[in-house]
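Working through the structure, step by step
The chain contents come next:
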Amino acid sequence: MRSIRILLAAAALALAGPSAVHAAPLSAYGGLPSIDEIRLSPDGSTLAVIASDGVKRSLLVRPTAGGAPKVFAVGEAKVRRIDWLGTDQLIITTSQTGKPIDLLGPRREWLMGFSLDLKDDKVRPLLAKSLAKTTTGTHFRDAGSDLIGAMNTMAGPPLVRLVDGKPTLFLQAIAFKDTQGLLTIVQSNPRNGAQKIVEFGGNDTDEILLGADGAPVARSDYDGKSGRWSLKLRRPGSGSWAEVRSVAAKIDRPYMVGLGRDGQSVLLAEPDASGYLLREVGPDGAASDPLDVRDADGAIFDPETHRLIGVQALVGDERRYTFFDPRDQKAWNAVQAAFKGDPVRLESWTQDRQKIVVAVDSARDGPGYALVDLGARKGAWLAARYEKILPEDIAKVQALRFKASDGLQLTGYLTLPNGQPARNLPLVVLAHGGPEARDTPGFDWWSQAIASRGYAVLRVNFRGSDGFGRGFVEAGYGQWGRKMQTDLSDGVRHLAAQGLVDPKRVCIAGASYGGYAALAGATLDPGVYRCAASVAGLSDLRRLVEDEGRVSQRYWKRFMGVQKLGDPALAEISPLTHVGRVSIPILLVHGRDDTVVPLEQSRIMAEALQKAGKPVEYVVQDGEDHWLSRGETRLQMLTATMAFIEKHNPPN
């Protein structure tokens, strides 16, 4: 596949590194991806690419037909997405950690918006002007009246709609009225800085849905105290809202997905015993029966009209796209067929949907991007996601099925090191985060890096993982540190029984909930592992739950199996409580800017282990958040964990 790389050759040359004799260096796996995102312009003439050298990011803009790219340095800014506004402007969304002055609440990750004008190559910040002096088109206040203030951050991703045939930018902002921060929709012209407030939400508004013309059509409100969720529709010809649907939802609540198939209705996802159902609510407030779609993980919308045209899902190990129009389905089937069984994901497409950028996860060549031209009936390879990882550096991944000790059927993935017989291998159990998430069969940089050093890597979709039906998620309720934990060690025993791994040479690692699982492996499920590496993991569940908001507390108490904050069960499943049981070395790695799992969780665990005389290494990463967003610290984490594992569980 790599032999037909043509469109980003110049960028690829700048990013490519020398090939290793035996395995790629850790920096090839642990640095930022060479290509992180590719977006086609609406007319298909230009590609915008977020690229990196592993540490610093750049934005590349080049004609689809080829030629030298324009390169805009981004540095260490955390770019979260790029969007086209017409054919000559890009909207760049970044994030940074902070706590705004004069606002109550903890530090958090804030979204920032910028426009890049390709006519003059200038970058301009969005929401830089005060909304208090902005003209409004709403009925909430007269034009020219003042708000208390507004933030220069975004409350959600930017939205592009066609207004009078012209691409128009809408921003989800936060404005303050009577000291209350309100979700606010702002129409923005990045070139001249003009802003117009289109809509204010209410005190409890968490979403506002725009129609294809940019006009607000629906909003949802949620009262976290009572748990009441409601859907409101804009009354035709007026500025008022009509409530058409409400439900008590203290944990699992409905949410708006987008516009329905007709482009006028609201597509609603509602919790059900089997998962979430999709239904359409018309302008008159009437709700349809649930749509006859199965295995829907995400909706697919037309890039011009924004109406629902299909759904996609990961069913078992297969990524499926289902389109409502048979012509669309036929076209997508042809796209998939062109890649001979490799998983393909829709990444970006033109306004007419005739040119498509797809992400391809090849078992032979690794992950990358390709451009498909449906009209010309041809495709071209664009670039590998990790240019410094060659096909020979990619370890084989095989799917597993085994039963937990209580008989529950589990699945997972085993990555085997290259060049070694699959017999009595050293093993690293790599637990996923969430915990209501899942591992997938595709390329995983962390497990590939571990395998490149001679280890087998086991990833288990333990009970409570998403993607296997509602019943499987619910099987994890109350099982933190209990059966969710023994599902992992049952996987170790399964592999050992087959002779694939040496049960005396097993370590456990993971991030977020996976970091908790690593610590729980050392404290709650002893005797299985030789070492444990926790990245941004939890050690004291009581502190976490106490620090969360009301809605989050309900969610966590469900998974942790407790009824109140003072429940002794929280201590029973907290690794911090059981430091005395630790008999293996522990590594703790945590970002100072983590706003999801506070650094305190690793700090207090490190202090307790040191006080008890237990072997522990503690690494604090300056400037890093919960998601390993910076190349330098991401590589620092990988280097530290591999050095730790190789020291305490040598591969040879």
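To start, this report covers the structure provided alongside it.

Here we look at the packing of helix α6 (residues 483-497) against helix α7 (residues 513-523)
Two packed helices can be described by the angle between their axes and the distance between those axes. Two elements in contact, α6 and α7, have axes whose closest approach is 10 Å; the angle formed by their N-to-C orientations is 75°. Classified by the angle between their axes, α6 and α7 sit roughly perpendicular to one another. The segment α6 lies against α7, with Met484, Gln485 and Leu488 engaging Tyr513, Ala517, Ala520 and Gly521. Within the contact of α6 with α7, the residues separate by chemical class into 5 nonpolar, 2 polar and no charged.

A closer look at the sheet that holds strand β20 (residues 266-272)
Here 3 strands make up an open sheet; going across it, the order is β19-β20-β21 and the pairing antiparallel. Edge positions in the sheet fall to β19 (255-259) and β21 (275-281), since each has one partner strand and no second. Neighbour to neighbour, the strand axes of the sheet diverge by 30° on average, direction disregarded. In this sheet, β21 lies alongside β20 in antiparallel orientation, the contact comprising 7 bridges. Of the residues in β21, the one forming a bridge with Ala269 is Leu278.

Quick word on the state of the cysteines
Applying the stated criterion to the full structure yields 1 disulfide. Residue pairing for Cys507: its cysteine sulfur links by disulfide to Cys531, the two sulfurs lying 2.0 Å apart. Across the disulfide from Cys507 to Cys531, rotation about the S-S bond amounts to roughly 115°, and the bridge is consequently right-handed. Separated by 24 residues along the polypeptide, Cys507 in strand β33 (residues 501-511) and Cys531 in strand β34 (residues 531-535) bring together distant segments of the chain. For Cys531, a relative accessible area of 1% translates into the label buried.

Notes on the packing of aromatic side chains
Aromatic rings in a pair are described by how distant their centres are and how their planes are angled relative to each other. Enumeration over the complete set of coordinates arrives at 10 aromatic pairs. Ring centres of Tyr255 and Tyr276 lie 5.5 Å apart, and the angle between their planes is 55°; this geometry places the pair in the tilted category. Linking Tyr255 in strand β19 with Tyr276 in strand β21, this pair joins segments that are 21 residues apart in sequence. On the basis of relative accessible area, Tyr276 is assigned to the partly exposed category, the value being 38%. Centroid distance Tyr321 to Trp332: 4.4 Å. Interplanar angle 45°. Geometry classified as tilted. Of this pair, Tyr321 sits in strand β24 (residues 318-323) while Trp332 sits in helix α3 (residues 326-337), placing them 11 residues apart in sequence.

Basis of the calculations
Residues numbered from 1 in each chain as written. Predicted model: local features only at pLDDT ≥ 70, side-chain atom pairs only at ≥ 80, totals over all residues. Heavy atoms only, no water. Axes fitted to C-alpha atoms, helices over the stretch in contact; angles between N-to-C directions. Helix = DSSP H or I, 4+ residues; strand = E, 2+ residues; numbered from the N terminus. Parallel < 35°, antiparallel > 145°, perpendicular 65-115°, else oblique. Contact = heavy atoms within 4.5 Å. Nonpolar A, V, L, I, M, F, W, Y, C, P; charged D, E, K, R; others polar. Pairing = 2+ DSSP bridges. Disulfide = S-S within 2.5 Å. Buried < 20%, exposed > 50% of the residue type's maximum accessible area, 1.4 Å probe, protein only. Phe/Tyr/Trp six-rings, centres within 6.5 Å; stacked < 30°, edge-to-face > 60°.

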